[in-house]
Amino acid sequence: MKDVTLRMAWRNLWRHWRRTWLTVGAMIFSNGLLIFAMSLQFGSYDMMIDNSLQAYSGHLQLQHPRYLDEPKMRYALDDVTELAERLRRELDLDSISARADGFALASSNERSYGLQIIGVDPAHEPLVSTLPGLVKQGRYLEPGMPGEIVIGAVLARNLKVGLGDELTFIGSGFDDSFAAGIVTVVGIFESGIADLDRALAQVDLAYFQDVFAMQGRGHSLTVRAQHVDDVESLQWQIGELLDTDKSLSLRHWDELQPGLRQSIQADMASNSFMYIVLIVLVAFSVLNTQLMSVLERTREFGTMMALGLQPARLSRLVMLETGLMTALGLVLGIGVGLVINLYMARVGFSYPGMDEVALKFNLPERIYPSFTILSMTLGPAAVAIGSLLAALYPALRLYLLTPIDAMRAV
Amino acid sequence: MSAIRCRQLCKTFKQGDEIITGLDHIDLDIETGEFVCLSGPSGSGKTTLLNAIGGLDTPDSGEIHMGDIRVDKLERGPLADMRLHHIGFVFQAYNLIPVLSAQENVEFVMEVQGVPVAERARKALDILKEVGLEGMEDRRPAQLSGGQQQRVAVARAIVSHPDLVLADEPTANLDSVSAAHLMGLFQELNENHRITFIISTHDKRVMSYAKRLIKMRDGKIIGDEAQ
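Residues numbered from 1 in each chain as written. Chains lettered and ligands numbered in written order. Predicted model: local features only at pLDDT ≥ 70, side-chain atom pairs only at ≥ 80, totals over all residues. Heavy atoms only, no water.

**Concerning helix 5 (residues 146-158) of chain B**
Then, in step 1: Taking 1.5 Å of rise per residue, 13 residues should cover 18 Å, and helix 5 of chain B covers 18 Å from first to last C-alpha, within 8% of that figure.
Then, in step 2: For helix 5 of chain B, a buried count of twelve out of 13 residues is recorded, marking the element as mostly surrounded by other parts of the structure.
Then, in step 3: Listed in full, the buried residues belonging to helix 5 of chain B are Gly147(B), Gln148(B), Gln149(B), Gln150(B), Arg151(B), Val152(B), Ala153(B), Val154(B), Ala155(B), Arg156(B), Ala157(B) and Ile158(B).
Then, in step 4: Elements that come into contact with the buried residues of helix 5 of chain B comprise helix 11 (298-307) of chain A together with strand 6 (87-90), helix 3 (102-113), helix 4 (117-130), strand 7 (164-168) and helix 6 (176-193) of chain B. (Helix = DSSP H or I, 4+ residues; strand = E, 2+ residues; numbered from the N terminus. Expected span 1.5 Å × (residues − 1). Buried < 20%, exposed > 50% of the residue type's maximum accessible area, 1.4 Å probe, protein only. Contact = heavy atoms within 4.5 Å.)

Okay, here's the thing in structure tokens:
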């Protein structure tokens, strides 16, 4: 270090090494904790997004431009099966499935209920949705088996039907014709999502197109990315492929499920409060350390002013000392956070009872931290800024000091 | 620069309800290269006068001129610049920066002045040699005796060849041998570098080195004679 001021700042830190280490320790602890907590939080959001979207809506959907706002039978895509096949081929991605949606009145021998009936491609639907994996009784739909239906557990209970029972349904077709069919219940799913379990049923897409006079049409192509982080690039690729086709609209998951984004934002806001409390505590620790340090060295600062140092330069010295201390806390804190994250990325994080919930709802048994630049740097950057802000008061005290008063200080 | 001119300098302090007179209408002229001692009992106003001349404290009234500069009218920034470039201070308690070595203490002022790294290192080593501290450059103040610390303080004060050195009771914490060495050093620097020295003291031995002795009492100059 050629710079005497820098050397002086560094050595000043270690004049009271216990006090400095306590403050740096608080920074290391908070930086490590913030990195771990934020990474885990972002990881849990990824899981939450994946689980919510995989249950039904997928990460992206191709729809008729008006279908999202007005989900009517007539806003359909032509030749939806061929379009799905083309996208699977060109994107080299299997997790793309065609669907057609309709509403019908379903009747068993005893009761009738309204339901949302979805025509799905049984070969590809399990690749975009976790619903097929949630069939707790019977089995899921199989390709080439028309006249079968899987329904939610609550709907089955309401209709008083079980496996092998027949349901008749009537609805309105694409051309406003009368759509009716008789299907056999082959599977009953339990998603844990009340709306799905109460009112959703799935049948084979070809069968649906036949009964509802769709003539090869469908209402959506549901796309599931390998990972939620890949959604934007996948969206861009599909957009490039279908650039000129104005009859298609590509919907991002936050358009399909706006409530999900809002619930994540609400969770982030409540967690941010805790983070801010932690950062403020660290900032007070820095304020205490630097204020003590300045008060103890007032005479020394007076000498420096007598020698000709501008008050602003003395303030900068205090900020430099804080900066060095912060940098130490930052580097070591990021190191600690990184080690914890690397470990957690290997073993995952779980809490008591999580495995039972996971098993019941076909969810992962563990949460894994999400390594992003944001999760690794946001917390430490906030601690660093908080610490530097906390040092402004001692620095300001020095700025306002006169040499004679400083040199008279005890 | 360096000729000091004080006119009708007044300074009072408040101590509880009592007003204490620090300087009482001081008129004083000091020429370049003079070696002046301010003597007088405690509370006579020696330190107050040094602080006012050095721009560490502001007088209540009166004028202080240092060459063409009206010191008492300067703002904080220019005042600090004036101290940095034109005045060297030596304090009774040495006032070295404890975390810096002898060489770094001397270099520090030059760094603030913007002297290049190599030049300030060379100058610091030269001046430490001149004040008799060769081989002790890397020692921290706590590893030096009182006399050695005061030598470092002197080296720090004169390394940039200031026009004026203000020394406030510089020998008060030194034994007689160290005090004699220090005063000899001051005398040598005064003669060799034509630096103006103003030294406050109530030590008769120190006064014997002065070419001009100013006696103070109750904030007034009561005697001013060449020796």
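**Remarks on the domain arrangement of chain A**
As a measure of interface size, the accessible area lost when the parts come together is often cited.
Then, in step 1: According to the domain assignment, chain A contains domain 1 (4-53 + 260-408) and domain 2 (60-224).
Then, in step 2: Each of domain 1 of chain A and domain 2 of chain A has a C-alpha centre, and the two are 51 Å apart. (Domains from an automatic or database assignment.)

**A word on the interface of chain A and chain B**
Then, in step 1: Taken together, the contacts link 29 residues of chain A with 29 residues of chain B.
Then, in step 2: For the pairing of chain A and chain B, the buried interface totals around 2500 Å² over both sides, and the portion due to carbon and sulfur atoms is 59%.
Then, in step 3: Looking at the side of chain A facing chain B, the largest losses of area belong to Val4(A), Arg11(A) and Leu307(A), adding up to 26% of the total buried there.
Then, in step 4: Here chain A is connected to chain B by four salt bridges.
Then, in step 5: Between Arg7(A) and Glu104(B) there is a salt bridge; the shortest N-O distance is 2.8 Å.
Then, in step 6: Elements that contribute at least two residues to the side of chain A that touches chain B include exactly helix 1 (4-13), helix 11, helix 12 (311-347), helix 15 (392-400) and helix 16 (403-408) of chain A.
Then, in step 7: A per-element tally of the side of chain A that touches chain B places helix 11 of chain A first, with seven residues. (Buried area = accessible area lost by both parts, 1.4 Å probe. Salt bridge = Lys/Arg side-chain N within 4 Å of Asp/Glu carboxyl O.)

**Some words on the sheet that holds strand 5 (residues 69-70) of chain B**
Residue and element names in this part refer to chain B.
Then, in step 1: The strand order across the open sheet formed by four strands is 2-1-4-5, and the pairing between neighbours is antiparallel. The open sheet has two edge strands with one neighbour each: strand 2 (18-30) and strand 5.
Then, in step 2: Taken together, the five bridges between strand 1 (residues 4-15) and strand 4 (residues 61-66) define a ladder with antiparallel strand orientation. Counterpart to Arg5 in the pairing with strand 4 is His65. (Pairing = 2+ DSSP bridges.)

**Comments concerning a nonpolar patch on the surface**
Residues and elements named next belong to chain A.
Then, in step 1: A grouping of Trp17, Trp21, Val331 and Leu332 is seen on the molecular surface, where their side chains present a nonpolar patch of about 420 Å² in accessible area.
Then, in step 2: Going through the elements one at a time, helix 2 (17-57) and helix 12 are the ones with two or more residues in the nonpolar patch.
Then, in step 3: Secondary-structure assignment places Leu332 in helix 12.
Then, in step 4: Under the relative-accessibility criterion, Leu332 is labelled partly exposed at 35%. (Patch = residues over 30% accessible without salt bridge, like charges linked within 9 Å, V, L, I, M, F, W, Y side chains within 5 Å. Areas by Shrake-Rupley, 256 points an atom, 1.4 Å probe, with all protein chains shown as cover.)

**A short note on helix 2 of chain A**
All names here are of chain A.
Then, in step 1: Across its 41 residues, helix 2 extends 57 Å between first and last C-alpha, which sits within 8% of the 60 Å expected from 1.5 Å per residue.
Then, in step 2: Of all 41 residues that make up helix 2, 29 are buried, and the element is covered over most of its length.
Then, in step 3: Note on helix 2: the residue one or two positions beyond its end, Gly58, has a positive phi of about 75 degrees.

**So, the sheet that holds strand 8 (residues 196-201) of chain B**
All names here are of chain B.
Then, in step 1: With respect to topology, six strands assemble into an open sheet ordered 6-7-8-3-9-10, the strand pairing being mixed. The open sheet has two free edges, formed respectively by strand 6 and strand 10 (220-226), since each of these has just one partner strand. Between one strand and the next, the sheet's axes are offset by a mean angle of 15 degrees, whatever the strand orientation.
Then, in step 2: Pairing geometry for strand 9 (residues 212-217) and strand 10, over six bridges, is antiparallel. Counted as the bridge partner of Ile214 is Asp224 from strand 10.
Then, in step 3: Packing of helix 2 (residues 76-86) onto the sheet brings it into contact with strand 6 and strand 7, and relative to strand 6 it is tilted by some 80 degrees.
Then, in step 4: Across the face of the sheet, helix 6 comes into contact with strand 3 (35-39), strand 6, strand 7 and strand 8 while running at roughly 155 degrees to strand 8. (Axes fitted to C-alpha atoms, helices over the stretch in contact; angles between N-to-C directions.)

**Focus on the environment of Gln150(B)**
Residue and element names in this part refer to chain B.
Then, in step 1: For Gln150, the position within the fold is in helix 5.
Then, in step 2: Classification of Gln150 as buried rests on a relative accessible area of 0%.
Then, in step 3: C-alpha separation for the pair Gln150 and Gly43, spaced 107 residues apart in sequence, amounts to 24 Å.
Then, in step 4: Look past the residues within four positions of Gln150 in its chain and what remains in contact with it is Val90, Phe91, Gln92, Tyr94, Pro170, Leu174 and Leu182.
Then, in step 5: A polar contact of 2.9 Å, which involves the side chain of Gln150, links it to the backbone oxygen of Phe91. (Polar contact = N/O pair within 3.5 Å; in protein donor to acceptor, adjacent residues only side chain to side chain.)

**Structural notes on unusual backbone geometry**
Then, in step 1: Of note in this structure, Ala213(A) is not a glycine but carries a positive phi near 55 degrees.
Then, in step 2: Following the sequence through the fold, Ala213(A) ends up in the loop between helix 7 (205-211) and strand 9 (220-223).
Then, in step 3: Ala213(A) sits in the partly exposed class, given a relative accessible area of 21%.
Then, in step 4: Notably, Asp218(B) is not glycine yet its phi reads approximately 50 degrees, a positive angle.
Then, in step 5: Since its relative accessible area comes to 54%, Asp218(B) is described here as exposed.

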